[in-house]
Amino acid sequence: MSLSVLMPVFALMTSLLASVVLFALPEKGYRLRTTINLVAAVVKIALVAVMIWGIARGREYEAAFTMLPGVEFVLRADALSMLFAGLSALLWLLTTIYAVGYLEDSPNRSRFFGFFSLCVASTMGIALAGNLFTFFLFYEMLTLSTYPLVVHRGTRKSLRAGRNYIIYTLTGGAVLLLAIAWLHGLVGDLRFQEGGHFAGVDPSLQVPLTIIFVLLMTGLGVKAALVPLHGWLPQAMVAPAPVSALLHAVAVVKAGAFGIIRVVFEVYGLEAAEAMGLLAGLALVAAFTIIYGSTRALYQIDLKRRLAFSTISQVSYIVLGLCLFGPLGVMGGLVHLVHQGIMKITLFFCAGNYAETLGVHRIDELDGAGKRMPGTSVAFTLGAFGMIGAPPLAGFITKWTMGAGALEVGMDWVVAVLVVSSLLNAAYFLPILHRLWFAEQQQAWPHERRWGRLETSPWLLWPPLVTAVLLVLAGILANVPFSPLSWAELIVLREVAL
Amino acid sequence: MTLWLMAGLLFTPLAWAVLTLLVDFRKGRVVTWLGILVQVLVSLALWAAVASDGGFYYFLGGWQAPLGIELRVDGLAVTFVLLTALVAAACGWHASVYLDPGKSWHRYFWPLFWFLWAGLNVVWLGGDLFNLYVGLELISLAAVGLVALGGQAAALRAAIRYLMAALLGSLAYLLGVALIYGQFGTLSLADVTALLSDGTVAAGQTFPLVLMLFGLALKTALFPMHGWLPPAHGIAKSPVSALLSALVVKASFYIAARLWLDLGGHLGGYELAQLIGVLGGLAVIWGSWLAFRQTKLKQVVAYSSVAQIGYLFLLFPLTWGVTDAISLQAQQGITLQVISHALAKAAMFLAAGNLIMSVGSNRVDALAGVSRFLPFSLFSFGLAGVSLMGLPPTGGFAAKWLLLQASLASGQWWWLGVLLAGGLLSAAYVFRVYQASFIDNTDTDHFFHPPKSLEVIPLILALLSLGLGLVAEPVLSVMALPFEGSSR
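Remember, predicted model here, so these are calculated numbers, not experimental data.

Residue and element names in this part refer to chain B. Mapped onto the secondary structure, Q412 falls in the loop between α17 (395-409) and α18 (414-438). For the pair Q412 and L318, spaced 94 residues apart in the sequence, the C-alpha separation amounts to 7.9 Å. Ignoring any residue separated from it by four or fewer positions in sequence, one finds Q412 in contact with P317, L318 and S407.

Following this line, the structure appears as structure tokens:
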């Protein structure tokens, strides 16, 4: 077997094997567990980096076998999969480091890290899936492996959140399965293919294909938290901070958004989807979600809950970008997949730090936290400014590219949506920053823990600092090769012949 | 070679049944281990022989039909023989550790176990209607005995109820067989089919077929005739419940399916096929709902069997009056469902037995804290649950996918609802158990930890059920012509 077949299999297997080993480890094997976790994460980054390098030079990586009569299991690495795989491999390492520090001394660590690795394996599978069937396989595996993470604390509240999560996602999964099975019955097994399959399709298929598209978007929209399918996300924030980071930045919502990208680009094809009039509706839903999420975020007093509503809003930028139907707009949407991940994970890491170190959960308890935890607060500030879209940070690149893309195709109303949303972002982030830096501490911290001279455990401090640096670099170096923006440009050049 | 294999397959269980009858529980255990080894090897060898050379008809003792015993050894039959060997070996091994040797009546477990195994092999291989009846009776009587082994009054009540249902079912089936014999003058299923296809004998009435199907559906616990199953499967010892749910109900279904595929095209009708399908659909919905409502763990699993059996009966509408390609797809889907449910349900009952043993209570809400202190047993239960929900990559998912495709292709879109809603409802009852086990309300480990061998067995079965979806294609290719005999 050649290396080009084995690479995607290896990339998947690293976290799958890690998960099996971690489940088997005794609860006390702290050092060994941490070592395995970190080694697996680093190996995965190396594998993904090799594939990114190869794909940039036109290589292809593919492994496939027949699973059921007429249905293939396909793992394939292409430019688009690497956008997602690169993001998740990088953030997995940081989240693992963070989680090791966060869960110190707490029970059930074997279980946690086992499912954590399984979750990342599913994400990698989603990135590498070469057809809808394979995609669905890992999409459902992701649902199952995140449930134990959401209910990890075993409290009444987390169990209720877990139940809601599972009701939403499994129902979404059933709708998705119906759509995929129907599509398979209609046109057979379709590999993801640059440019899609349905350009100039038989007009008699138009009606079923439209219905299938709506079903697909509904199934994927649950994980992508499109309004009105978003109800599970704000509740799921009761999970431990590393899990929230994973859910919001890397795995679950991104899996939904990535699925939408795959379907629009590589199953239907951007042009065919536009010609069938499918994108206009999707654009409206995305635009509404952006405004709705931001508005709701304004009214939250719990920090993680505010961030959760912000996620709902921000993920829909990706979807809205696709619907702009021009190279710049699409590029803006794609790059936001990475940018939102880096920014949101920074914010959730910081929120976790405030909760773990000071016991602070509510925004009005944050007064003066900037003095007590300067490192964390700097990272938080950068993340917040990124979300608002202040130049030269990552979020600015997204909004600028998308805005230019919207004007290019004459969809001026999208610019209005972007402006309103940025104002709302500022309205819900700036008060937090004000409290952090300018307000005086009113009362003692609810639950303070001390780590000597450091503001918090180094395991907890370094990950947000690194991601904060990344989100600055992604903005400043946007035009350097292999930056998220350049990679998105490469995808657009290969995928969309506009 | 084949002669020895066939003889080994059918006579080892009978010989072992007699042998174990003569000794006590502990000696019976040792004897059984040896027998299991023989049976597994013989089943594997036969499966390999058929996988490489194709199926054949075998006449026991060289006597031809109608006098002799005719066995149909095709890909599907040997696959089920192998499945039986796997599941029965697992249950036998589990029982040898799980059952308390101190209770004197437990020594009867072994002879009953072997009679059951013999009956199952007869049913998978049987080529004529009367032999199938004999196999079925052997299974029913052994199964009733195994349920009664529970010991308490409730177990006896459940066993008697089961016996009544089984006898009524057998009676209906036998009556149907007699009517068929009166009309066609032969008991061989292949001969009857040949006569019908030639047009030598006019199709006549549907009644005998309906009568046989009724009897078999009663024995398979098809809704609304499922009342006997949950008490019997719920109260039996866990290894027994596993055998009953995984294999015994499948035997009567297997006969019904073969009757339908051979005779249904001539004697059946659209309405009959749809009616059976609707009952299956109702079983899925109603069984899952009741499973969700149960407070006792094993009752949850037992009602889940009622629901899962419902899927099997979708075979009838999806193979009647459709093209061969669609029919094949449906048959493959149902076959995968039979196999994956057998593996997953056996795993689930065995794991449930371990969990009940550990927490000392059979209630679902007694499971709090299990996820922390007994992750191993819970993991097997959980994996089996994934297969029952029909989520990828399990065998249950592969089955569901094929059935979805068959429903779509035949235009019978109403089964889509059953398949999708059934999956969600099963998720509801499986997740209810997970949820109970994830509650973290204690910091001390006050649970009994079962021996490792008890915990490993369900895990192996659950992993097999999980992996089935990934190797579905090769497994299906061995039963190249499921339910169809090769030419004589």
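By convention, interface size is frequently given as the accessible area that disappears when the constituent parts associate. In this assembly, 29 residues from chain B lie in contact with 27 residues from chain A. Those elements giving two or more residues to the side of chain B that touches chain A turn out to be α15 (370-373), α16 (375-389), α17, α18 and α20 (472-478) of chain B. The biggest single contributor to the side of chain B that touches chain A is α18(B), with eight residues. Considering only residue class, the side of chain B that touches chain A consists of 21 nonpolar, five polar and three charged.

A:L83, B:V87, B:V147 and B:A346 are the most contacted members of the largest nonpolar core, which has 383 residues in total. Inspection of this core shows a minimum of three residues originating in each of domain 1 (1-268) and domain 2 (270-488) of chain B. Setting aside its immediate chain neighbours within four residues, B:V87 contacts B:A246, B:L247, B:A342, B:L343 and B:A346.

The subject of this paragraph is the domain arrangement of chain B. Residue and element names in this part refer to chain B. The domain architecture assigned to chain B consists of domain 1 (1-268) and domain 2 (270-488). When each unit is reduced to the centre of its C-alpha atoms, the spacing between domain 1 and domain 2 is 21 Å. Listed per partner, the contact involves 45 residues of domain 1 and 49 residues of domain 2. Those elements that place two or more of their residues in the side of domain 1 that touches domain 2 are α3 (75-98), α8 (207-220), α9 (229-235) and α10 (238-267). Take the side of domain 1 that touches domain 2: its biggest share by element is 15 residues, from α10.

The next subject is the pairing of strand β2 (residues 69-73) of chain B. Residue and element names in this part refer to chain B. Of all five residues making up β2, four are buried, and the element is well covered by its neighbours. Bridge count between strand β1 (residues 56-60) and β2: five bridges; the pairing is antiparallel. Its bridge partner lying in β2, L60 is registered against I69.

As a further point, take the confidence of the model for chain B. Close inspection of predicted coordinates is inappropriate for parts of the model with low pLDDT. Residue and element names in this part refer to chain B. Looking at chain B, pLDDT values average 88 and 95% of them are 70 or higher. Under a pLDDT of 50 for its full length, residues 481-488 has, in the predicted model, 20 contacts with residues more than four places off or in other chains. Scoring of the predicted complex yields 0.93 for pTM and 0.91 for ipTM.

In this structure, A:P392 follows A:P391 across a cis peptide bond, with omega equal to 0°. Position of A:P392 relative to the elements: it lies in the loop between α16 (374-388) and α17 (394-408). The linkage connecting B:F223 with the following residue, B:P224, adopts the cis geometry, with an omega of -5°. With respect to the helices, strands and loops of the structure, B:P224 is situated in the loop between α8 and α9.

Time to look at the pairing of strand β1 (residues 61-68) of chain A. Residues and elements named next belong to chain A. With seven bridges connecting them, β1 and strand β2 (residues 71-77) associate as antiparallel partners. From the neighbouring strand, Y61 faces β2, where its bridge partner is A77. Linking two consecutive strands that pair antiparallel, namely β1 and β2, is a turn of two residues; a positive phi of about 85° is found at G70 within it.

This next bit is on α17(A). Within an α-helix, residues lying three or four positions from one another point in the same direction, as the helix has 3.6 residues per turn. Residues and elements named next belong to chain A. The end-to-end C-alpha distance of α17 is 21 Å, a good match for the 21 Å that 15 residues give at a rise of 1.5 Å each. Of the surrounding elements, those touching the buried residues of α17 are α13 (303-323), α14 (327-358), α16, α18 (412-437), α19 (458-476) and α20 (484-495). One or two residues past the end of α17 sits G410, with phi positive at roughly 75°.

Residue and element names in this part refer to chain B. The N-to-C vectors of helix α1 (residues 2-21) and helix α2 (residues 25-53) enclose an angle of 160°; their axes lie 9 Å apart at closest approach. Our classification of the angle between α1 and α2 gives roughly antiparallel. Crossing handedness for the pair α1 and α2: left-handed. Of α2, the residues touching α1 (which contributes T2, L5, G8, L9, T12, P13, W16, L19 and T20) are G28, V31, T32, G35, V38, Q39, V42, S43, A45, L46 and A49. Looking at side-chain class alone, the contact of α1 with α2 contains eleven nonpolar, nine polar and no charged residues.

Calculation criteria
- Residues numbered from 1 in each chain as written.
- Chains lettered and ligands numbered in written order.
- Predicted model: local features only at pLDDT ≥ 70, side-chain atom pairs only at ≥ 80, totals over all residues.
- Helix = DSSP H or I, 4+ residues; strand = E, 2+ residues; numbered from the N terminus.
- Contact = placed C-beta atoms within 7 Å.
- Nonpolar A, V, L, I, M, F, W, Y, C, P; charged D, E, K, R; others polar.
- Core = buried A, V, L, I, M, F, W, Y, C linked by C-beta atoms within 7 Å.
- Buried ≥ 20, exposed ≤ 12 C-beta atoms within 10 Å, placed from the backbone.
- Domains from an automatic or database assignment.
- Pairing = 2+ DSSP bridges.
- pLDDT = per-residue confidence, 0-100.
- Expected span 1.5 Å × (residues − 1).
- Axes fitted to C-alpha atoms, helices over the stretch in contact; angles between N-to-C directions.
- Parallel < 35°, antiparallel > 145°, perpendicular 65-115°, else oblique.
- Left-handed = near helix turned anticlockwise from the far one by under 90°.

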